[in-house]
Amino acid sequence: GAGVSQTPSNKVTEKGKYVELRCDPISGHTALYWYRQSLGQGPEFLIYFQGTGAADDSGLPNDRFFAVRPEGSVSTLKIQRTERGDSAVYLCASSSSGRAGETQYFGPGTRLLVL
Amino acid sequence: DAKTTQPTSMDCAEGRAANLPCNHSTISGNEYVYWYRQIHSQGPQYIIHGLKNNETNEMASLIITEDRKSSTLILPHATLRDTAVYYCIVSGDYGGSQGNLIFGKGTKLSVKP
C-alpha cells in the first residue's frame with residue numbers, strides 16, 4: 001500500500017517568503033507528526049496531530065511556523081517570513097492511532113532551502 | 001534530550017552480523033525501545049521495537065537486557081545496503097498516547113566489502 005508522501009520533494013525560496021509543505025499520511029492513520037532535520041542532526045519534533053486537532057505543538061520554534069489538518073488526513077506545514085536558518089529537511093510521519101507501542105512511518109521529506 | 005546513548009560510528013564486514021548497542025539507563029517501565037535507520041537523503045525507516053521481550057522480524061533482532069537499561073540491534077547478515085545511521089529511541093506512554101520520538105545522533109554503520 002501507499003506510504004506517507006510529501007510534496008514538494010525540494011523547495012527553494014528566498015528569505016522573507018511564505019512556504020507551504022504538504023503531507024499525505026497513510027490512509028486511515030489518525031496520528032500525524034511533523035519533524036525537522038538539520039544537516040548532521042537527528043530529526044526534531046515540531047507538532048503532533050490527533051485527527052484534526054494539534055495535540056502537541058510544543059516543538060514549533062516560533063510563531064512563524066503553523067500547521068493545519070482540517071479534515072484529519074492531509075496536513076500542511078506553513079512557514080511565514082522564511083529565514084535562512086529554516087533551511088532543513090521537513091519530515092512527516094503517521095501512525096495508526098497514536099497509541100503507545102505503535103509504529104510511526106515516515107515520508108521521504110521535503111528539502112527546504114532558503115536563500 | 002535523547003534518553004539513549006549510542007556509539008558515534010561502527011564498521012561491519014559484509015555478510016557478518018552487525019551488533020549495534022544502545023544504553024537507556026533511565027528508561028521507565030512503560031517506555032518502548034524503537035530502532036529506526038536513515039539512509040542518506042531518505043526519511044527514517046522503521047526497523048523494530050520492543051517493550052520487555054526480545055523481538056525478531058524480517059529485518060533484524062532486538063535484544064533487551066533483563067533490567068531494560070540497554071539493548072542491542074542485530075542485523076544478522078549485513079549487506080552494503082545496510083550502511084546508514086541507526087537511531088535507538090525510547091518512546092513513552094503518556095496516558096495511552098505515544099508522544100513524539102526523540103532522536104539522538106545515532107550510530108553511523110558502515111558495511112564494508
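Cut-offs and rules
- Residues numbered from 1 in each chain as written.
- Chains lettered and ligands numbered in written order.
- Predicted model: local features only at pLDDT ≥ 70, side-chain atom pairs only at ≥ 80, totals over all residues.
- Heavy atoms only, no water.
- 1 Å grid on protein atoms, 1.4 Å probe; cavity = no way out; pocket = protein on both sides within 12 Å on 5 of 7 lines; lining within 4 Å.
- Points joined across faces, edges and corners; volume = space filled by probe spheres on them.
- Helix = DSSP H or I, 4+ residues; strand = E, 2+ residues; numbered from the N terminus.
- Nonpolar A, V, L, I, M, F, W, Y, C, P; charged D, E, K, R; others polar.
- Pairing = 2+ DSSP bridges.
- Axes fitted to C-alpha atoms, helices over the stretch in contact; angles between N-to-C directions.
- Phe/Tyr/Trp six-rings, centres within 6.5 Å; stacked < 30°, edge-to-face > 60°.

**Quick word on the layout of surface pockets**
Now for step 1: In this structure, the largest pocket occupies an estimated 540 Å³ of space.
Now for step 2: The wall of the largest pocket is formed by 24 residues, among which Gln37(A), Leu39(A), Gly40(A), His40(B) and Ser41(B) lie closest to the centre.
Now for step 3: Those elements that place two or more of their residues in the lining of the largest pocket are strand S9 (88–95) of chain A together with strand S8 (84–91) of chain B.
Now for step 4: Here the lining of the largest pocket is composed, by residue class, of nine nonpolar, 12 polar and three charged.
Now for step 5: Empty space within the second largest pocket amounts to approximately 270 Å³.
Now for step 6: Pro43(A), Glu44(A), Phe45(A), Ile102(B) and Phe103(B) are, among the 16 residues lining the second largest pocket, the residues nearest its centre.

**Describing the sheet that holds strand S1 (residues 5–7) of chain A**
Residue and element names in this part refer to chain A.
Now for step 1: Ordered by their spatial adjacency, four strands build an open sheet running S1-S3-S8-S7, and the pairing between neighbours is antiparallel. In this open sheet, the two strands that pair with only one neighbour each are S1 and strand S7 (65–68). Strand-to-strand twist in this sheet, taken as the mean axis angle between neighbours without regard to direction, amounts to 20 degrees.

**Comments concerning the packing of aromatic side chains**
Now for step 1: Tallying each qualifying case throughout the model produces 13 aromatic pairs over all chains.
Now for step 2: When the ring of Tyr87(B) is compared with that of Phe103(B), the centres are 5.1 Å apart and the planes differ by 85 degrees; the resulting orientation is edge-to-face. Taken together, the positions of Tyr87(B) in strand S8 and Phe103(B) in the loop between S8 and strand S9 (107–112) put the pair 16 residues apart, joining distant regions of the chain.
Now for step 3: Taken together through their ring pairs, the aromatic side chains of Tyr33(A), Tyr35(A), Phe45(A), Tyr48(A), Tyr105(A), Phe106(A), Tyr32(B), Tyr34(B), Tyr36(B), Tyr46(B), Tyr87(B) and Phe103(B) make up a single cluster.

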